[in-house]
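Listed below, chain by chain, are the residues.
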Amino acid sequence: MAAKGRVTFSQDQCKGCGLCVDVCPVHILALDRESINAKGYNPAYCTDQEKCIACTNCATMCPDLVIVVERL
Amino acid sequence: MAVVFERTKGLTPISTHYCPGCTHGIIHRLTAEAMEELGVLDQAIGVAPVGCSVLAYKYFNCDMHEAAHGRAPAVATGIKRVLPDKFVFTYQGDGDLASIGTAEIVHAAHRSENISVVFVNNAIYGMTGGQMAPTTLAGQRTTTSPLGRDPAHAGYPIRISEMLATIPGATFIERVAVDSPANVRKAKRAIKRAFEIQLEGKGFSLVEVLSTCPTNWGIEPPNALKWLKENMIPYYPLGNFRDATKEEVSDGQ
Amino acid sequence: MAKVLMKGNEAIGEAAIRAGCRYFFGYPITPQSELPEYMSLHLPKAGGVFLQAESEIAAINMVYGASGSGARVMTGSSTPGIALKQEGISYIAGAQLPCVIVNMMRGGPGLGSIQPAQSDYNQSTRGGGGGDYRLLAYAPASVQEMVDYVQLAFDKADEYRNPVLVVGDGVIGQMMEPVEFRATAASDLPPKDWATTGTGGKRPPNIINSLYLDAEELERHNIHLAEKYNRIKENEQRWESVGLEGAELVIVAYGTTARIAKSAMENLNRQGKKIGLLRLITLWPFPEKGFAELDEATKDLLVVEMSMGQMVDDVRIVNEGKRGVHFVGRSGGVIPSTALVEEKILEILERSE
């Protein structure tokens, strides 16, 4: 059984590049098209925290180090 | 509950000036994490280049020295000769290292200067607005090769790792890419190994990191990773080109 | 200490080592190659490092790195090599780092010649590379002065956090003269707390840099530099004056040319003329204060240079039209003779009468 995890974003620092979105194996990341952060981007967010498996792929690809991953 | 991924102490809290999706940020992180894990942050002196990563001195959380375009290996040489027990690295792009600074990198390798080089190759001049780099691929359109690089006119793209690997003093030369989580993890191992070689006093080490430039390539960040994989890796194959520390072992057997 | 007979270029090396210089990065070029040769043998014995760089550009950038790490460091070259070093010199000045650069000037432009010249005056006194900066520039006229000013140059570089040029020419570099290495009094120099030596976990990172992307920030930096240059102008002008009192004509010269001028002056004074000499020891700051000493009786200034006339512009500026400013020089590596200088002086005096 896959590990349970939690992924949190420093959304103010996110540049909305989407590199994290594509590499998430459980497809729970997206760019929030409804909001614009202080930098002027649509920040990434987690659509379903319950499904996170703490694989760290998203944080590994994030060029701006806005992601913290915890294993529960 | 355990934090399995958080921001390294090797980087300052400053948000970088890099464009969205530019993989410089990933390579900065790998460099900083390698220093943090090896416990050398407080012994480190980094040399920043000219180009997109010109402001690297603001991002690495250690003593930093801003060099002129291409001269980082010479500046690092000066620092290392004064402080041989400290950890000295350069962070350079392809315009900086493979064009205007070719002499400096070749001779630093020839002297087996005990420094480590993180060489970021994204096949374009980013900071100046997307001009042709020495590493620009044949046919690749840039603002100074608007019809695509024509090798008959501008020559073929330069393969730095292969060239440097022919130099006896180049102790460790490896090419990696940051186009996928698996490759990013491999890149981290290579950078850490390069740094260890310096700490072991074994001489010159360089890791070439294939990187993207979504803005000047004109490709969305996730697709830029695909472009890197499909276009750059075939011409710039990944792998280790030289590890003299292993050759020493095999020679002895 | 007893005097020893030494070649100019070698004496520079020895003086540098005695001044605590432990790092030399250079590239061979005539007529200064004896300096790197001397350093390659003697620096390691003093526990230092000599490194022959792949180019002049690399050499000055190694100096930039070594200086940033807190070391006393030197490089040397000659005219075309100094031209190549300008990039690094500008960075070092911008980042406010100390170092000593020796230029044994030869004829130019371009590849020019390997014979002595003074045609890098403008380059030496106007910065040389890009940007608003100045170098303190000493122009010794003997091997002994070379030794004295190389030692002083290291202290002044540290005091002002600025590159210091020591400017000679092929003659001074190649000639042998007896020299004495005088123990210099320890100067009260500021600590190099800005050096990149690793934080040791005890301080925030130090950054050596000359980049200021914000226009107003760069302007503030330039104003700060200008204030420093003004302090140097106020405190560091050096010159030698001989026989200014009652002189009808004063020769203005520096380095090798000043020695020739002095002989010409002595010859004419023996014939009853009243000729003085104002010898620049600092090219920059230009010794304006020396010109304030000129006598009311002095009607003419004769500038003698081994160039087509560069320092003469600064003499015109400081003169403010008060006296006649004349020029005589040879270039391309030709050394002006005392006869030429005497002839020119007599011609000027005749015209004034």
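Only a predicted model underlies this, so the values are computations on that prediction, with no experimental measurement involved.

## A closer look at the overall build of chain B
Thought 1: What chain B contains, in helices and strands, is 11 helices and 8 strands.
Thought 2: Computed over its C-alpha atoms, the radius of gyration of chain B comes to 17 Å, within 12% of the 18 Å expected for a compact globule of 253 residues.
Thought 3: If one aligns the C-alpha atoms of chain B with their principal axes, the spans along those axes are about 50 × 45 × 35 Å.
Thought 4: Within the span of chain B, comprising 253 residues, buried residues form 59% of the whole.
Thought 5: Nonlocal contacts in chain B, meaning residues at least 24 apart in sequence, comprise 67% of its contacts between residues at least 6 apart.

## Topic: the overall build of chain C
Thought 1: Helices and strands together make up the secondary structure of chain C, namely 12 helices and 15 strands.
Thought 2: Relative to the globule expectation of 20 Å for 353 residues, the C-alpha radius of gyration of chain C, 21 Å, shows essentially globular dimensions.
Thought 3: Here chain C holds 353 residues, and the buried ones make up 56% of them.
Thought 4: Pairs at least 24 residues apart make up 79% of the contacts formed inside chain C by residues separated by at least 6 positions.

## Thoughts on the sheet that holds strand β11 (residues 249-254) of chain C
Residues and elements named next belong to chain C.
Thought 1: Here 5 strands make up an open sheet; going across it, the order is β10-β12-β11-β14-β15 and the pairing mixed. A strand with exactly one partner marks an edge of an open sheet, and here the two such strands are β10 (239-242) and β15 (324-329). Across the sheet, the mean angle from the axis of one strand to that of its neighbour is 20 degrees, orientation sign disregarded.
Thought 2: In this sheet, strand β12 (residues 275-280) lies alongside β11 in parallel orientation, the contact comprising 6 bridges. When the bridges of β12 are listed, V252 appears paired with L278.
Thought 3: Most of the contacts of helix α11 (residues 311-319) go to strand β14 (residues 300-305), to which it runs at about 160 degrees, and overall it touches β11, β14 and β15.

## So, the interface of chain B and chain C
Thought 1: Facing the 28 residues of chain B at the interface are 34 residues of chain C.
Thought 2: Among the secondary structure elements, those contributing two or more residues to the side of chain B that touches chain C are β2 (44-48), β3 (63-66), α3 (72-82) and α5 (102-110) of chain B.
Thought 3: When residues of the side of chain B that touches chain C are assigned to their parent elements, the largest contribution, 8 residues, is made by α3 of chain B.
Thought 4: When grouped by side-chain class, the residues that make up the side of chain B that touches chain C number 15 nonpolar, 6 polar and 7 charged.
Thought 5: Where β3 of chain B meets strand β9 (residues 207-208) of chain C, 2 bridges bridge the pair, whose relative direction is parallel. Its bridge partner being in β9 of chain C, H65 of chain B is matched across the sheet by I208 of chain C.

## Here's the deal with the nonpolar core
Considering soluble globular proteins, one finds that nonpolar side chains tend to be buried as a cluster.
Thought 1: Of all hydrophobic cores here, the largest spans 214 residues; its most connected members are V209 of chain B together with V100 and V150 of chain C.
Thought 2: Looking at which element gives the most residues to this core, the answer is helix α6 (residues 143-160) of chain C, with 9 residues.
Thought 3: The residues that make up this core include at least three from each of domain 1 (4-235) and domain 2 (240-352) of chain C.
Thought 4: Sequence-distant contacts of V100 of chain C, that is, excluding residues within four places in its chain, are made with A16, M74, V150, A153, F154, A157, V164 and V166 of chain C.

## Quick word on the pairing of strand β1 (residues 5-9) of chain A
Residue and element names in this part refer to chain A.
Thought 1: Taking every second residue as pointing to the same face, the buried face of β1 carries G5, V7 and F9, while none of R6 and T8 on the other face is buried.
Thought 2: Pairing geometry for β1 and strand β4 (residues 67-71), over 5 bridges, is antiparallel. Of the residues in β4, the one forming a bridge with F9 is I67.

## A short note on α5 of chain B
Thought 1: Those residues of α5 of chain B that fall on the buried side of the exposure criterion are E104, I105, A108 and A109 of chain B. One face of α5 of chain B carries all of its buried residues, which in axial projection span an arc of 125 degrees.
Thought 2: In this structure, the buried residues of α5 of chain B make contact with α3, α4 (94-100), α7 (160-164), β6 (170-177) and β7 (204-210) of chain B together with α3 (56-68) of chain C.
Thought 3: Just beyond α5 of chain B, the residue with positive phi is S112 of chain B, at close to 50 degrees.

## Examining the domain arrangement of chain C
All names here are of chain C.
Thought 1: By domain assignment, chain C separates into domain 1 (4-235) and domain 2 (240-352).
Thought 2: Each of domain 1 and domain 2 has a C-alpha centre, and these two points are 28 Å apart.
Thought 3: Contacts between the two partners involve 26 residues from domain 1 and, on the opposite side, 23 residues from domain 2.
Thought 4: Among the elements of the structure, α5 (121-125), β6 (136-138), β7 (163-169), α7 (170-174) and α8 (215-235) are those that each provide at least two residues to the side of domain 1 that touches domain 2.
Thought 5: With 4 residues, α5 is the single largest residue contributor to the side of domain 1 that touches domain 2.

## Thoughts on the interface of chain B and chain A
Thought 1: Taken together, the 24 residues of chain B in the interface contact 24 residues of chain A.
Thought 2: Sorting the residues of the side of chain B that touches chain A by element identifies β1 (2-5), α1 (24-38), α8 (181-199) and α10 (221-235) of chain B as the ones contributing at least two each.
Thought 3: A per-class count over the side of chain B that touches chain A returns 14 nonpolar, 6 polar and 4 charged.
Thought 4: Pairing of β4 of chain A with β1 of chain B, which is carried by 3 bridges, proceeds in the antiparallel orientation. Within β1 of chain B, the residue paired with R71 of chain A across the bridge is A2 of chain B.

## Points about the sheet that holds β7 of chain C
All names here are of chain C.
Thought 1: Reading across from one edge, β3-β2-β4-β5-β7-β6-β13 is the order of the 7 strands in this open sheet, with mixed pairing throughout. Taken across any chain shown, the strands that pair with only one partner, and hence form the sheet edges, are β3 (49-52) and β13 (282-284). Strand after strand, the sheet turns through a mean of 20 degrees between neighbouring axes, direction not considered.

## Quick word on the packing of helix α9 (residues 255-270) of chain C against helix α12 (residues 338-352) of chain C
Residue and element names in this part refer to chain C.
Thought 1: Relative orientation of the contacting elements α9 and α12 amounts to 55 degrees, with a least axis distance of 8 Å. The angle between the axes of α9 and α12 places the two elements in the oblique class. Between α9 and α12 lies a crossing whose hand is right-handed. In this structure, α9 uses I260, A261, S263, A264, N267 and L268 to contact α12, whose residues at the interface are T338, V341, E342 and I345.
Thought 2: For the contact of α9 with α12, the class distribution of residues is 6 nonpolar, 3 polar and 1 charged.

## Structural notes on unusual backbone geometry
Thought 1: In this model, G108 of chain C is joined to P109 of chain C through a cis peptide bond whose omega is 5 degrees.
Thought 2: Relative to the helices and strands, P109 of chain C resides in the loop between β5 (99-105) and α5.
Thought 3: Even without a glycine there, the phi angle at A54 of chain A is positive, about 60 degrees.
Thought 4: The residue A54 of chain A is located in the loop between β3 (44-46) and α2 (57-61) in this model.

## Notes on the confidence of the model for chain C
Thought 1: For chain C, the average pLDDT comes to 96, and 99% of its residues sit at 70 or higher.
Thought 2: This prediction of the complex comes with two scores: 0.96 for pTM and 0.96 for ipTM.

Criteria and thresholds
Residues numbered from 1 in each chain as written. Chains lettered and ligands numbered in written order. Predicted model: local features only at pLDDT ≥ 70, side-chain atom pairs only at ≥ 80, totals over all residues. Helix = DSSP H or I, 4+ residues; strand = E, 2+ residues; numbered from the N terminus. Rg over C-alpha atoms; globule rule 2.2 N^0.38 Å. Buried ≥ 20, exposed ≤ 12 C-beta atoms within 10 Å, placed from the backbone. Contact = placed C-beta atoms within 7 Å. Pairing = 2+ DSSP bridges. Axes fitted to C-alpha atoms, helices over the stretch in contact; angles between N-to-C directions. Nonpolar A, V, L, I, M, F, W, Y, C, P; charged D, E, K, R; others polar. Core = buried A, V, L, I, M, F, W, Y, C linked by C-beta atoms within 7 Å. Domains from an automatic or database assignment. Arc of directions from axis to C-beta. Parallel < 35°, antiparallel > 145°, perpendicular 65-115°, else oblique. Left-handed = near helix turned anticlockwise from the far one by under 90°. pLDDT = per-residue confidence, 0-100.

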